[in-house]
Amino acid sequence: MSFYIAIILFISAVVAGVITMIVGKNISKERFTLLAAIHGMFLFAFIASILLRKDASAFNYFFLLFICSGLVLSGIAWRSGIFIGLKIYFGIFALTVGMFILSPSRLVNFLLTTKYTDTLGESFHVTENFYLERQNSNKNQDDMPRYKLIRKRGIFHSSLQRDLEFGGKLDSIKVLEFDKSSLGLIRGYTSSTTYVSTKIDSSDVEVSTKKKSNDGLQYQLRKKHY
């Protein structure tokens, strides 16, 4: 859902920026200053959220609002009589349009996480356009990492199964079986290191390659530990 919120807000900001560039030629400096102050509030909220947040992997919507508000104001800045330094500052936000054209998924991930990557979390390629991706939050507040099976379709990602556990943080995976129309069997390798040794474990988890049904059930049929 966050992916769609980000892309809708960004496209809306681009449209709003174009409109304001056309109709905002005679905007007063006082009104522009007020709008810039609101933009600045998003910046301070973003900085504060970084200092106060407990989960470093959580989405930062203040950064999304900061970028989108700067993009809207970039349309006004070059048509108004403000200081040239501010025009250059707000003009930088227009570069995100080029980033979107080059890679929409990377830009959306950047807007949500401040990281210009192709995925929202730690990711492992399964086969073709199927990936295992670490979830950004857990339903149960424990330290056990959980993963989801996703399928990438262009700029959109479809979550097929969530809350997959491999007994720890994955180092690597091995695909034992995979039928993209029904089920797959994935072996995940985890490790724990002490001062004297490194222990490597593996777990086999059967996953469903069909999207979650309307009744809300997901099937995790088999799990083996070695």
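Residues numbered from 1 in each chain as written. Predicted model: local features only at pLDDT ≥ 70, side-chain atom pairs only at ≥ 80, totals over all residues. Heavy atoms only, no water.

Caption draft 1: Representation of the overall build of the protein. Looking only at helices and strands, the protein has 6 helices and 8 strands in total. Split into buried and exposed, the 226 residues of the protein put 37% on the buried side. Considering only intrachain contacts with a sequence separation of at least 6, the fraction spanning at least 24 residues in the protein is 45%. In the form shown here, the protein has an accessible surface area of approximately 13200 Å², with 62% of it arising from carbon and sulfur atoms. (Helix = DSSP H or I, 4+ residues; strand = E, 2+ residues; numbered from the N terminus. Buried < 20%, exposed > 50% of the residue type's maximum accessible area, 1.4 Å probe, protein only. Contact = heavy atoms within 4.5 Å. Areas by Shrake-Rupley, 256 points an atom, 1.4 Å probe, with all protein chains shown as cover.)

Caption draft 2: Main features of the environment of isoleucine 27. Topologically, isoleucine 27 is positioned in the loop between α1 (2–23) and α2 (29–52). In this structure, the C-alpha to C-alpha distance between isoleucine 27 and alanine 77, residues 50 residues apart in sequence, is 9.6 Å. Setting aside anything within four residues of it in sequence, one finds isoleucine 27 in contact with Phe32, Leu35, Ile76 and Ser80.

Caption draft 3: Fine view of the packing of α2 against helix α4 (residues 84–93). Contact geometry for α2 and α4: axes closest at 14 Å, N-to-C directions at 50°. On the basis of the axis angle, α2 is oblique to α4. In this structure, α2 crosses over α4, and the sense of that crossing is left-handed. When α2 is examined against α4, the residues Phe32, Ala36 and His39 are found in contact with a partner set consisting of Tyr89, Phe90 and Phe93. Classifying every residue of the contact of α2 with α4 by side-chain character gives 5 nonpolar, 1 polar and no charged. (Axes fitted to C-alpha atoms, helices over the stretch in contact; angles between N-to-C directions. Parallel < 35°, antiparallel > 145°, perpendicular 65-115°, else oblique. Left-handed = near helix turned anticlockwise from the far one by under 90°. Nonpolar A, V, L, I, M, F, W, Y, C, P; charged D, E, K, R; others polar.)

Caption draft 4: Summary view of unusual backbone geometry. In this structure, threonine 114 takes a positive phi of about 70° despite not being glycine. Examined against the element boundaries, threonine 114 turns out to sit in the loop between α6 (104–113) and β1 (123–127).

Caption draft 5: Focus on the nonpolar core. Formed by 25 residues in total, the largest nonpolar core has its most connected members in Phe32, Phe63, Ile67, Phe90, Val108 and Leu111. Sorting the residues of this core by element identifies α1, α2, α3 (61–77), α4 and α6 as the ones contributing at least two each. Counting residues in hydrophobic clusters, the runner-up holds 14 residues, among them Phe124, Tyr147, Phe166 and Val207. (Core = buried A, V, L, I, M, F, W, Y, C linked by side-chain atoms within 4.5 Å.)

Caption draft 6: Seen up close, the packing of α1 against helix α5 (residues 95–102). The contact between α1 and α5 brings their axes to 11 Å, and the two run at 130°. For the element pair α1 / α5, the angle class is oblique. When the axes of α1 and α5 are compared, the crossing they make is left-handed. Of the residues in α5, those in contact with Ile7, Phe10 and Val14 of α1 are Thr96, Val97 and Phe100. A class-by-class count of the residues in the contact of α1 with α5 yields 5 nonpolar, 1 polar and no charged.

Caption draft 7: Region of interest: α2. When the terminal C-alpha atoms of α2 are compared, their 34 Å separation across 24 residues agrees well with the 34 Å that a helix rising 1.5 Å per residue should span. Inspection of α2 places Phe32, His39, Gly40, Phe46 and Ser49 among the buried residues, and these make up the whole buried set. Its buried side turned inward, α2 meets α3 and α4. (Expected span 1.5 Å × (residues − 1).)

Caption draft 8: Structural detail: the environment of serine 172. Tracing the sequence through the fold places serine 172 in strand β5 (residues 170–178). Residue serine 172 is classed as partly exposed on the basis of its relative accessible area of 31%. Between the alpha carbons of serine 172 and phenylalanine 124 there is a distance of 7.4 Å; along the sequence they are 48 residues apart. With sequence-adjacent residues up to four places away left out, serine 172 is seen in contact with Phe124, Arg187, Gly188 and Tyr189.

Caption draft 9: Fine view of a nonpolar patch on the surface. On the surface, a cluster of nonpolar side chains totalling about 630 Å² of accessible area is made up of Ile11, Val15, Val18, Ile19, Met21, Ile22 and Val23. Tracing the backbone through its elements, the reader meets valine 23 in helix α1. (Patch = residues over 30% accessible without salt bridge, like charges linked within 9 Å, V, L, I, M, F, W, Y side chains within 5 Å. Salt bridge = Lys/Arg side-chain N within 4 Å of Asp/Glu carboxyl O.)

That's the geometry; what it means functionally is another story.
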